[in-house]
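# What the coordinates show
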Amino acid sequence: MSRTSKQSASKATAKPRLGVAERLEKETATRAYRKVMAGESVTAEERSALKRYEKQQEEERRWQYYESIPQKHWREMSGRQTKVLHEQAEKYGIPFGEKTINLPRVVRSLHDFLAANARRLSEDDDLLDAAISSPALERYREERAILAKLDRLEREGQLIPRDEIRLGLGQIAAILRTAGEMLQRQFGNDAVEILNDGLEEAERCISKICDRDVPSSDEDQST
């Protein structure tokens with residue numbers, strides 16, 4: 001690389017030069033910090049400069065954290081599971097489904113989404129608050145109420161996906177089968193056959209619960 005190229009690269013990566021006031025402020029804060037670490041007394045001016053400098057550093061770190069929020073933290077704050085976050089991110093185009101979340105990008109995307117769908121969202125509210133009534137409108141209101149309830153239950157941790165229930169119950173069944181092997185060694189085949197029969201019946205009940213279709217409103221009304 002030529003000397004000119006090196007100089008250009010150095011200028012491109014160099015930090016912006018501080019102004020005279022900023023440089024003096026930093027020097028005063030540095031001097032105050034050294035005095036504090038050495039157990040020496042500081043002047044009121046040095047103490048104020050140190051507080052301002054620490055506040056500035058805290059602000060810079062805060063913005064760095066905003067740009068790299070772990071997915072785990074976002075999941076806890078949102079009350080949503082990773083699968084749900086990925087589905088919502090893909091459906092609505094809001095980037096909170098990645099490994100780390102860039103909060104400024106999410107905020108901008110969220111407000112862009114609200115602006116782009118303002119008319120549609122307003123129409124939904126108008127329908128809910130409308131004084132008129134019709135079977136279709138009442139059906140729409142009922143569905144919205146159901147979705148709102150499901151959303152609340154998911155936030156409260158009371159709504160668990162079927163796949164997770166099946167996985168958890170399957171793990172329990174595996175533990176019980178291991179216990180059955182121990183029973184077989186200690187009490188013979190008769191004991192383990194009783195346990196296996198019970199497990200098979202339990203698995204049929206699990207499949208019946210987890211695999212059944214949720215009835216539609218029409219089916220609810222006809223039963």
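Residues numbered from 1 in each chain as written. Predicted model: local features only at pLDDT ≥ 70, side-chain atom pairs only at ≥ 80, totals over all residues. Heavy atoms only, no water.

## Looking at the nonpolar core
This is how the line gets drawn: Among buried residues, those of type Ala, Val, Leu, Ile, Met, Phe, Trp, Tyr and Cys that are joined through side-chain atoms within 4.5 Å constitute a nonpolar core. Note on exposure labels: buried denotes an accessible area under 20% of the residue type's maximum, exposed denotes more than 50%, and partly exposed covers the range between, all computed with a 1.4 Å probe on protein chains only. Whether two residues touch is decided by their heavy atoms; if any such pair falls within 4.5 Å, the residues are in contact.
Counting residues in hydrophobic clusters, the biggest one holds eight residues: Ile-69, Trp-74, Leu-85, Ala-89, Ile-94, Phe-96, Ile-101 and Val-106. Not counting the four nearest positions on each side in its chain, Trp-74 is found in contact with Ile-69, Leu-85, Phe-96, Ile-101, Leu-103 and Val-106.

## Here's the deal with the environment of Arg-166
Worth spelling out the cut-off: Numbering of helices and strands starts at the N terminus; helices are DSSP runs of H or I of at least 4 residues and strands are runs of E of at least 2.
Relative to the assigned elements, Arg-166 resides in helix α9 (residues 162-187). Arg-166 gets classed as partly exposed once you look at its relative accessible area, which sits at 33%. Through-space distance from the C-alpha of Arg-166 to that of Ile-206 is 7.4 Å; in sequence the pair is 40 residues apart.

## Describing a nonpolar patch on the surface
For clarity, the threshold we go by: Residues with no salt bridge and a relative accessible area higher than 30% make up the patches, which join like charges within 9 Å and nonpolar side chains (Val, Leu, Ile, Met, Phe, Trp, Tyr) within 5 Å. Accessible areas in this description were obtained via Shrake-Rupley with a 1.4 Å probe; residue shielding takes into account the shown protein chains only. Any carboxyl oxygen of Asp or Glu within 4 Å of a side-chain nitrogen of Lys or Arg constitutes a salt bridge here.
A surface patch of nonpolar side chains, about 290 Å² in accessible area, is lined by Ile-165, Leu-169, Ile-172 and Leu-176. With respect to the secondary-structure elements, Leu-176 resides in helix α9.

## Observations regarding the side chain of Thr-28
Among the structural elements, Thr-28 can be located in helix α2 (residues 20-38). Thr-28 sits in the buried class, given a relative accessible area of 10%. Setting aside anything within four residues of it in sequence, one finds Thr-28 in contact with Glu-45, Glu-46 and Ala-49.

Remember that the coordinates give geometry; whether it matters functionally is a separate question.
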